[in-house]
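Descriptive structure summary
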Amino acid sequence: MGYSMDDILFMAVSTDDQVIDAIAGSDTSEIEQMYIFSHGWGREEREAPGGGLQLSSGDVGTNQFTSEDLEGLNLQDRFALDAEMNIKACNVGRSPLAQQIADTFGITVYASSKPMQFWKAQYWDDGFVDVLPGDLNSHGFAIEVPYNGDGKTYSGTAHVVMCPYLLGRIEKPLTVNLTIPWPFAYRPYEPQ
């Protein structure tokens, strides 16, 4: 991948048309990596079978990105050779949507078959301390803890990732609900 920080474009999209317009508005072979952060669902979880992305609240017809939005698209030329799309949304990997996106655009798509949430890394130094971005390996052992943010902004003072997780429950001697990061549920879908 040959991009620099000046080449990174952030776009807020809230409708299915805006996702397609962002891709269509790119030059030939321009998109090397694409990330979508959204709510998502798998095959059996909503009224729209086949999985999808919940881009915003409001009109169900336009704020959800589903396989119907891929029909008739011819935008493979917008993606660079070896381009990747990372879908950071719950359960999309439990539906055909991730594979359909890979096939439609001729790219590798990464999606999770489990729920996802933000996690931050911490290490022990007379109490838990947030790991700084880019500093993950300098403290030896670090743990991942759920990250709920500090309001609506991210200050950049902690190493934060979005990762699938498992829910667990221990019944004895106390009842404890556990949330455990599970990166193995985030996997690639190759074009076929």
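Everything here concerns the structure above.
A brief report on the enclosed structure follows. (Residues numbered from 1 in each chain as written. Predicted model: local features only at pLDDT ≥ 70, side-chain atom pairs only at ≥ 80, totals over all residues. Heavy atoms only, no water.)

1. Regarding the sheet that holds strand E4 (residues 64-65)
Spatial ordering of the open sheet is given by E2-E3-E4, a layout of 3 strands whose pairing is antiparallel. Among the strands making up the open sheet, the edge pair consists of strand E2 (39-41) and E4. (Pairing = 2+ DSSP bridges. Helix = DSSP H or I, 4+ residues; strand = E, 2+ residues; numbered from the N terminus.)

2. What about the pairing of strand E5 (residues 79-88)?
The element E5 is largely enclosed, with a buried count of 7 among its 10 residues. Here strand E1 (residues 31-37) pairs with E5 via 6 bridges, running parallel. Looking at E5, one finds that Phe37 is bridged to Lys88. When E5 meets strand E6 (residues 108-112), the two strands line up parallel, connected through 3 bridges. Across the sheet, residue Asn86 finds its bridge partner in E6, namely Tyr110. In this view, the connection linking E5 to its parallel neighbour E6 by way of helix H2 (residues 97-105) has right-handed handedness. (Buried < 20%, exposed > 50% of the residue type's maximum accessible area, 1.4 Å probe, protein only. Right-handed = clockwise from strand over helix to strand, strands pointing away.)

3. Quick notes on the packing of aromatic side chains
How two aromatic rings sit relative to each other is set out by the distance from centre to centre and by the angle between their planes. Per the stated rule, a full pass over the model turns up 5 aromatic pairs. Judged by centre distance (6.4 Å) and plane angle (15°), the ring pair of Tyr35 and Phe37 falls under stacked. Judged by relative accessible area, Tyr35 falls into the partly exposed class, the value being 44%. Geometrically, the ring pair formed by Phe79 and Phe105 is tilted, given 5.0 Å between the ring centres and 40° between the ring planes. Of this pair, Phe79 sits in strand E5 while Phe105 sits in helix H2, and the two are 26 residues apart along the sequence. (Phe/Tyr/Trp six-rings, centres within 6.5 Å; stacked < 30°, edge-to-face > 60°.)

4. Topic: the sheet that holds E6
Backbone hydrogen bonds are what pair the strands of a sheet, in a parallel or an antiparallel way. The 4 strands lie next to each other as E1-E5-E6-E12, forming an open sheet whose pairing is mixed. Edge positions in the open sheet fall to E1 and strand E12 (186-189), since each of these has one partner strand only. Sheet twist, expressed as the mean angle between neighbouring strand axes with direction ignored, is 15°. (Axes fitted to C-alpha atoms, helices over the stretch in contact; angles between N-to-C directions.)

5. Considering the nonpolar core
Generally speaking, soluble globular proteins have nonpolar side chains that are buried together. Counting residues in hydrophobic clusters, the biggest one holds 26 residues, and the most contacted among them are Met85, Ile87, Ile101, Phe105 and Val109. Ranked by residue count, the leading element in this core is H2, at 5 residues. Residue contacts for Ile101: discarding those within four places in its chain leaves Phe65, Leu70, Met85, Ile87, Gly106, Ile107 and Val109. (Core = buried A, V, L, I, M, F, W, Y, C linked by side-chain atoms within 4.5 Å. Contact = heavy atoms within 4.5 Å.)

6. Concerning the side chain of Asp69
Structurally, the position occupied by Asp69 is in the loop between E4 and E5. Reaching out from Asp69, the side chain makes a polar contact with the backbone nitrogen of Thr66 at a distance of 2.9 Å. Contacts of Asp69, omitting those with residues within four sequence positions, involve Asp16, Ile20 and Gln64. (Polar contact = N/O pair within 3.5 Å; in protein donor to acceptor, adjacent residues only side chain to side chain.)

7. Quick notes on H2
Most of H2 is tucked away, with 7 of its 9 residues classed as buried. Residues Leu97, Ala98, Gln99, Ile101, Ala102, Thr104 and Phe105 constitute the buried set of H2. Among the structural elements, helix H1 (16-24), strand E3 (52-54), E4, E5, E6 and E12 are those in contact with the buried residues of H2. Looking one or two residues past H2, Gly106 carries a phi angle of roughly 65°, positive in sign.

Keep in mind these values describe shape, not function.
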